[in-house]
Amino acid sequence: MAELTYRDAVARGIAQEMARDPDVVFLGEDIGKAGGVFKATVGLYEQFGPLRVRDTPISEQAILGAAMGAAMTGLKPIAEIMFSDFFAVCFDYIANEFAKSRYMSNGQLKCPLVVRTGNGAGSRFGAQHSQSVENWCMMIPGLKVVAPSNPRDVIGLLAAAVRDPDPVIFFEHKSLYPTKGEVPDGEIVDALGSAKIVRPGKDATLLALALMVPRALAAAETLKSEHGIDCEVVDVRSLVPLDTQTILGSVGRTHRLFTVEENPRLCGWGAEIVSIVADEAFYDLDGPPVRITTPHIPLPAADILEDVALPTVERIAERVRRSLEN
Amino acid sequence: MAKVEDRAPAAAAGLNDDIGEATRLRLYRIQVEIREAEQRAFDLFLQNLVKGTSHLSLGQEAVAAGFAAAMKSGDLSFCTYRGHAHTLARGVPIEKVLGELMQRDNGLMRGKGGSMHLTSAEHGVMGSYAIIGAHLPIACGAAWRAQYKGTKDVAVCFFGDGTTNIGAFHEALNFAAVWKLPVIFVCENNLYMEYTPIGDVTAVQHPAADRAAAYGLPRIVVDGNDADAVYRAASAAYAKARDGGGPSLVECMTYRHSGHSRADPAKYRPEGELEKWKARDPIKLYRERLKQFGIADNVIAEIDADVRRRVDEATEKCKAAPMPPRDILTKDVYADGGFAWRN
Ligand SMILES: Cc1ncc(C[n+]2csc(CCOP(=O)(O)OP(=O)(O)O)c2C)c(N)n1
Ligand SMILES: [Mg+2]
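Residues numbered from 1 in each chain as written. Chains lettered and ligands numbered in written order. Predicted model: local features only at pLDDT ≥ 70, side-chain atom pairs only at ≥ 80, totals over all residues. Heavy atoms only, no water.

**Student:** What should I look at first to understand the packing of helix α5 (residues 94-101) of chain B against helix α12 (residues 297-320) of chain B in this one?
**Tutor:** All names here are of chain B. Relative orientation of the contacting elements α5 and α12 amounts to 45°, with a least axis distance of 9 Å. In terms of their interaxial angle, α5 and α12 are classed as oblique. You can see that α5 and α12 cross each other, and the crossing is right-handed. Residues Ile94, Glu95, Leu98 and Gly99 of α5 form the contact with α12, whose participating residues are Arg310, Val311, Ala314, Thr315, Lys317 and Cys318. (Axes fitted to C-alpha atoms, helices over the stretch in contact; angles between N-to-C directions. Helix = DSSP H or I, 4+ residues; strand = E, 2+ residues; numbered from the N terminus. Parallel < 35°, antiparallel > 145°, perpendicular 65-115°, else oblique. Left-handed = near helix turned anticlockwise from the far one by under 90°. Contact = heavy atoms within 4.5 Å.)

**Student:** For this particular structure, what's the right way to read the sheet that holds strand β5 (residues 221-223) of chain B?
**Tutor:** Pairing between sheet strands relies on hydrogen bonds along the backbone, with the strands arranged either parallel or antiparallel. Residue and element names in this part refer to chain B. Read across the sheet, 6 strands follow the order β2-β1-β3-β4-β6-β5 without closing on themselves; strand pairing throughout is parallel. Whereas interior strands pair on both sides, the edge strands pair on one side only; in this sheet they are β2 (125-129) and β5. Across this sheet, the average inter-strand angle for adjacent strands is 20°, counted without regard to direction. As paired strands, strand β1 (residues 76-80) and β2 are joined by 3 bridges and run parallel to one another. Each bridged residue has a counterpart across the sheet, and for serine 77 the counterpart in β2 is valine 125. Taken strand by strand, helix α9 (residues 227-242) contacts β3 (155-160), β4 (183-189), β5 and β6 (248-253), and its axis lies near 140° from that of β5. (Pairing = 2+ DSSP bridges.)

**Student:** I keep staring at the site of ligand 1 and nothing clicks. Help me out?
**Tutor:** Residue and element names in this part refer to chain B. Around ligand 1 there are 15 residues in total, and Tyr81, Arg82, Ala130, Gly162 and Thr163 lie nearest to it. Side-chain polar atom of tyrosine 81 to an oxygen atom of ligand 1: 2.7 Å apart, as the coordinates give it. Glutamate 194 has a polar side-chain atom sitting 2.9 Å from a nitrogen atom of ligand 1. Compared with its free state, where it exposes 590 Å², ligand 1 has 75% of that area covered by protein. For the shell around ligand 1, the residue count by class is 7 nonpolar, 5 polar and 3 charged. (Near = heavy atom within 4 Å. Polar contact = N/O pair within 3.5 Å; in protein donor to acceptor, adjacent residues only side chain to side chain. Areas by Shrake-Rupley, 256 points an atom, 1.4 Å probe, with all protein chains shown as cover. Nonpolar A, V, L, I, M, F, W, Y, C, P; charged D, E, K, R; others polar.)

**Student:** Please explain the side chain of serine 101 of chain A as it appears in this structure.
**Tutor:** Residues and elements named next belong to chain A. Mapping serine 101 onto the fold places it in helix α5 (residues 101-104). Looking at serine 101, the relative accessible area reads 4%, which means it is buried. For serine 101, the residues in contact, after removing those within four places along its chain, are Met68, Leu109 and Cys111. (Buried < 20%, exposed > 50% of the residue type's maximum accessible area, 1.4 Å probe, protein only.)

**Student:** What should I look at first to understand the coordination of the magnesium ion (ligand 2) in this one?
**Tutor:** For a metal with four donors in a tetrahedral arrangement, the ideal angle between donors is 109.5 degrees, while six donors in an octahedron ideally sit at 90 or 180 degrees. Taken together, Asp161 of chain B (OD), Asn190 of chain B (OD1) and Tyr192 of chain B (O) make up the full set of protein donors to the magnesium ion (ligand 2), lying 2.0 to 2.2 Å away. Using a relative accessible area of 5% as the deciding quantity, one classes asparagine 190 of chain B as buried. (Donors = N, O, S within 2.8 Å, 3.2 Å for Na, K, Ca; no water.)

**Student:** Even after reading the chapter, I still don't get the domain arrangement of chain A, so can you show me in this structure?
**Tutor:** Buried accessible area, meaning the area lost when the parts come together, often serves as the stated size of an interface. Residues and elements named next belong to chain A. In terms of domain boundaries, chain A breaks down into domain 1 (2-183) and domain 2 (196-325). Averaged C-alpha coordinates put domain 1 and domain 2 at centres separated by 26 Å. Taken together, the contact between domain 1 and domain 2 spans 27 residues of the former and 28 residues of the latter. Around 2100 Å² of area is buried between domain 1 and domain 2 when both sides are counted, 58% of it from carbon and sulfur atoms. Among the residues of domain 1 in contact with domain 2, Arg124, Asn135 and Met138 are the three that bury the most area, contributing 28% of the side total. The interface formed by domain 1 and domain 2 includes 4 salt bridges. The residue arginine 124 makes a salt bridge to glutamate 306 at a minimum N-O spacing of 2.7 Å. Across the domain 1-domain 2 interface, the total number found is 14 residue pairs in polar contact (both at pLDDT 80 or more). Where the side of domain 1 that touches domain 2 is concerned, the elements lending two or more residues are α6 (134-138), β6 (144-146) and α7 (151-163). When grouped by side-chain class, the residues that make up the side of domain 1 that touches domain 2 number 10 nonpolar, 12 polar and 5 charged. (Domains from an automatic or database assignment. Buried area = accessible area lost by both parts, 1.4 Å probe. Salt bridge = Lys/Arg side-chain N within 4 Å of Asp/Glu carboxyl O.)

**Student:** Please explain the interface of chain B and chain A as it appears in this structure.
**Tutor:** With 42 residues of chain B in contact, the opposing surface of chain A contributes 53 residues. Connecting chain B to chain A are 2 salt bridges. Where glutamate 280 of chain A meets arginine 342 of chain B, a salt bridge forms, and the shortest distance between an N and an O atom there is 2.7 Å. The tally of links from chain B across to chain A stands at 26 residue pairs in polar contact (both at pLDDT 80 or more). Of all elements in the fold, only β1, β2, α6 (135-149) and α7 (167-179) of chain B reach the threshold of two or more residues within the side of chain B that touches chain A. No other element matches α6 of chain B, which puts 9 residues into the side of chain B that touches chain A. A breakdown of the residues in the side of chain B that touches chain A according to their chemical character gives 23 nonpolar, 11 polar and 8 charged.

**Student:** Explanation requested: the sheet that holds strand β10 (residues 204-208) of chain A in the structure shown.
**Tutor:** Residue and element names in this part refer to chain A. Spatially, the 5 strands line up as an open sheet ordered β9-β11-β10-β13-β14, and their pairing is mixed. Two strands close off the open sheet at either side, each with one partner strand: β9 (196-199) and β14 (290-294). Direction aside, neighbouring strands of the sheet carry axes that sit 25° apart on average. Bridge count for β10 against strand β13 (residues 257-264) is 4 bridges, and the pairing is parallel. Residue pairing for β13: alanine 208 is matched across the bridge by valine 260. The strands touched by helix α12 (residues 313-325) within the sheet are β10, β11 (231-235), β13 and β14, with β14 carrying the most contacts at an inclination of about 160°.

**Student:** Which parts of the structure should I look at to understand the pairing of β4 of chain B?
**Tutor:** Each regular strand shows side chains that alternate between the opposite faces of the sheet. Residues and elements named next belong to chain B. With 7 of 7 residues buried, β4 lies mostly within the body of the structure. Burial along β4 is two-sided: Val183, Phe185, Cys187 and Asn189 facing one way and Ile184, Val186 and Glu188 facing the other are all buried. In this structure, β3 lies alongside β4, joined through 6 bridges in parallel fashion. Each bridged residue has a counterpart across the sheet, and for phenylalanine 159 the counterpart in β4 is cysteine 187. With α7 bridging β3 and the parallel β4, this β-α-β connection has right-handed handedness. Examined bridge by bridge, β4 and β6 share 6 bridges and lie parallel to one another. Paired with glutamate 188 across the bridge in β6 is cysteine 252. (Right-handed = clockwise from strand over helix to strand, strands pointing away.)

The following block contains the structure:
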């Protein structure tokens, strides 16, 4: 066991996979000699050399296209897109190319690649460097989508993503990079498509992802100590594949569902889960499911505005308390 | 086979025989096969047996033939929606191409891809891409893999003149040049994007070649209706790529005899333009070339007849082939063979 930051876990996860398999290669802007703009890839260039850790021009389409061509022909590339907002300039590859090539070719082509990206708000970077865009990717057939909330999961899910035969979008939360967590020694490998109950409880289920997981946990503590409400917190971890069994199981025990989502409200990931629960567990519910999200706005830069845009611990606790007391 | 004295006309014309008879016959056969198969695709469309859209390479056969004949088996082709020609040129059976156009179960992708996405990985055809420019960076990735593994394979990427104005073209050219990738970018300049003349929307005369200098590459313009000229340019580009010399950008001047896609009667062309280019029809030119090199008429006629017979046979097989079964609808979305996104 060692305490590690989320940031250092990224480098350790990549190193674990590159050391295991010489076909794992890594490319992106400023990732090599500079160690990444978030310093999440420090040391990889020194450890694995310029043939496997390759700095690229500012060419997001070339980065994802090259990753795809390399994956199709046998390598296992990890591509970094510095900020997930930049998906918009290379979305063709995400939506039209590597997501669809297996299907269009009737299974002849494969794209085992990972796109890592810095996602989410909290850095006061404004509307074009702060978005949570996991829902942009979740809706595309052919992709897998994961978003770890802690250093241990960064390593385990990254390893699972690299070893997966399908393209995986790997959302790292920028505000989590400095956070710390206990990480076991040795190799860590998770399975994609498994949610985790991070706090058991009996009165309500709170589903959260990435930065919203620590906030949901903090809200659960407040609800317990101040109101005697006992919440179960589920870290969704993987949007595709989605672990509906864990989610439905939790709702079956608590009879109340809250999603805590950083993405803006319309078509956020929680909407799909609420619809599944409505279809398959309607009679388990003691009240309407509630989605706690960022409103339908671009994100502002000013700290006092950004802070109230995202679901806060107070807003989560207040919303759950109000629903349960009705 | 031609006798020695038959070669006299070529020598008299001062023609250089660096290519050799076997390759010349192959260049001819590939062109004829593309011509016949594309014409058949058009006929089948008129009979409503080819559905959806299709983009023919009638008139552009020499580019596909020249690059394919100079390729090695491990080389990888990346095509556009106008990719039937390049797919056939790699030796993919006509039946599998026509079958896909006719959306039958015997098609290359059993009807799941269609005319714009022909793929035959076993022949090195790593997909046909219908988003303009998307496959240039993808070809870079395949070339990167060849470079990383030291295989000496080359990635070849075919696209049109219109493609030189999209960002992915420029990203890929710079990327390939900086990484010295074994990739060849082949611009088939057929003078039009869909309906707009390329000159109306491009800042330079030669949309590909005049941009080469920006990426530190030589300016190469080839007569794309002369299969020998294409073959020579291709051979030089492959040799450079295999030698670690990095990418090439080759602009081939050519012309499509039909409209952009099956729906296009091509009314936007100035009068006489089509006739002028048809006078330089690549297949007509090449028949004359073969004769100059002393190849007997009956050898040429035999190739023509053999290709026609094979296209006929393929057509009949496709007409008799079943439609794809419905259960493939949800197959191969993910590597486990299915489309499950949840447990
Ligand atoms: C990104 C994108 N924009 C527009 C189109 C529509 N489109 C299909 S083919 C085409 C013309 C392409 O011209 P060119 O590159 O010269 O190729 P050609 O069809 O002449 O072979 C256009 C505009 C597209 N498929 N993708
Ligand atoms: Mg064109």
